[in-house]
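Observations on the model geometry
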Amino acid sequence: MASGSEPRTSGSGSAPSGADVPAAHPNPRSARERMLAGEWYQADDPELVALARRAAVLVQRYNTTDADRPEQHAALLRELCGEVGADVVVRPPFYCDYGSQIRIGDRTYLNFNAVLLDVTAIEIGADVQIGPNVQLLTPHHPLDPEQRRARWEAARPITIGDNVWLGGGVIVLGGVTIGPDTVVGAGSVVTKDLPAGVVAVGNPARVR
C-alpha cells in the first residue's frame, strides 16, 4: 500500500537489491512473496487486494465496536494482527494495511489514531508506549516517475524495542530499528536507527 513517507537513502533501510527500478523480466514468486521479501511488487495483485480487504473489514469492526466490549476488541485485534501479547491496549481508531505483519509485545499501549502500514514486518516490543497520531510506515516507492505511475512499490521492516516511548505525532520510516528504553520526542521523524537508552528529537530525529 502507498505511504506518505519520503524516499530514504540512508540508515539501515537500503533500497531493494538491483537498483531503484523494478526488473523488467518476469518474477516467478508471487506478489505477496516479493512484498514480504522487500522486493519490488505491485499492490493491485488479486491476492494482496483480497488480504487488504479482509484487513479493512476487521479494522472497521474494531473501530466501531462499543467501548464497553473490551473482550470483542481484544478478539478482533488478535484476528487482525500476526501476534498480540498479553494486556495490550490499542485505542481506536487504529489503521493498518494487512495486520498480519504486525507483532505487538506484552503490555504495550497504542493511543488514538495509530497508523501502521505493515507492507512488511512491524515488530513492537513489550511495555512500549505509543502516543496519539503515530505513524509507522514501511512502504516506499521508486524515485523514477514512470515506475511510480506503474504502481511499483517495496517496503522495509520497522522494529521498536522494549520499553520505547514514541511521543505524539512521531513518524518512523521503513528500515528503522529503535533500541530498547529509547524516547522519541513528539512530532519527530525517525529516518535512521536509534540506539538503546537515548532521547531523540527533531526532523530528522537526532540523539540529544
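For the structure itself, look to the data block above.
The rules we used
Residues numbered from 1 in each chain as written. Predicted model: local features only at pLDDT ≥ 70, side-chain atom pairs only at ≥ 80, totals over all residues. Heavy atoms only, no water. Pairing = 2+ DSSP bridges. Helix = DSSP H or I, 4+ residues; strand = E, 2+ residues; numbered from the N terminus. Buried < 20%, exposed > 50% of the residue type's maximum accessible area, 1.4 Å probe, protein only. Polar contact = N/O pair within 3.5 Å; in protein donor to acceptor, adjacent residues only side chain to side chain. Contact = heavy atoms within 4.5 Å. Phe/Tyr/Trp six-rings, centres within 6.5 Å; stacked < 30°, edge-to-face > 60°. Salt bridge = Lys/Arg side-chain N within 4 Å of Asp/Glu carboxyl O.

**Re the sheet that holds strand β6 (residues 109-110)**
Pairing is mixed across the open sheet formed by seven strands, whose spatial order is β3-β6-β9-β14-β17-β19-β20. At either margin of the open sheet sits one strand with a lone partner, and together these are β3 (89-90) and β20 (206-207). Note that strand β9 (residues 129-130) and strand β14 (residues 165-166) share two bridges and pair parallel. Paired with Gln129 across the two strands is Trp165, which belongs to β14.

**A short note on the side chain of Thr65**
Within the element layout of this structure, Thr65 appears in the loop between α2 (46-64) and α3 (70-80). On the basis of relative accessible area, Thr65 is assigned to the buried category, the value being 12%. Side-chain polar atoms of Thr65 contact the backbone oxygen of Arg61, separated by 2.6 Å. Ignoring anything within four residues of it in the chain, the contact list for Thr65 reads Gln72, His73 and Leu76.

**Thoughts on the environment of Asn133**
Within the element layout of this structure, Asn133 appears in the loop between β9 and β10 (135-137). On a C-alpha basis, the gap between Asn133 and Ala186 in space is 9.9 Å, while along the polypeptide they are 53 residues apart. Contacts of Asn133, omitting those with residues within four sequence positions, involve Phe112, Asn113, Gly169 and Val170.

**Quick notes on the pairing of strand β7 (residues 114-117)**
Summarising the sheet, strand β4 (residues 94-96) and β7 pair through three bridges and their orientation is parallel. By the bridge assignment for β7, Phe94 is matched with Ala114. Bridge count between β7 and β10: three bridges; the pairing is parallel. For Leu117, the partnering residue across the bridge sits in β10 and is Leu137.

**Overview of the packing of aromatic side chains**
Throughout the structure, instances matching the rule amount to one aromatic pair. Ring geometry for Tyr62 versus Phe94: centroids 6.4 Å apart, planes at 70°, classification edge-to-face. Taken as a pair, Tyr62 in helix α2 and Phe94 in strand β4 lie far apart in primary sequence, 32 residues in all. The exposure class assigned to Tyr62 is buried, which follows from its relative accessible area of 4%.

**A short note on unusual backbone geometry**
Peptide bonds are, in most cases, trans, and in most cases residues other than glycine have a negative phi. Going from Pro92 to Pro93, the amide bond is cis rather than trans, its omega being 5°. Considering the arrangement of structural elements, one finds Pro93 in the loop between β3 and β4. Although it is not a glycine, Asn113 sits at a positive phi angle of roughly 70°. With respect to the secondary-structure elements, Asn113 resides in the loop between β6 and β7.

**Here's the deal with the pattern of salt bridges**
Tallying each qualifying case throughout the model produces four salt bridges. In this structure, the salt-bridge partner of Arg29 is Glu39, at a minimum N-O distance of 2.2 Å. Of this pair, Arg29 sits in the segment before α1 (31-36) while Glu39 sits in the loop between α1 and β1 (41-42), placing them 10 residues apart in sequence. A salt bridge links Glu83 to Arg103; its shortest N-O distance comes to 3.9 Å.

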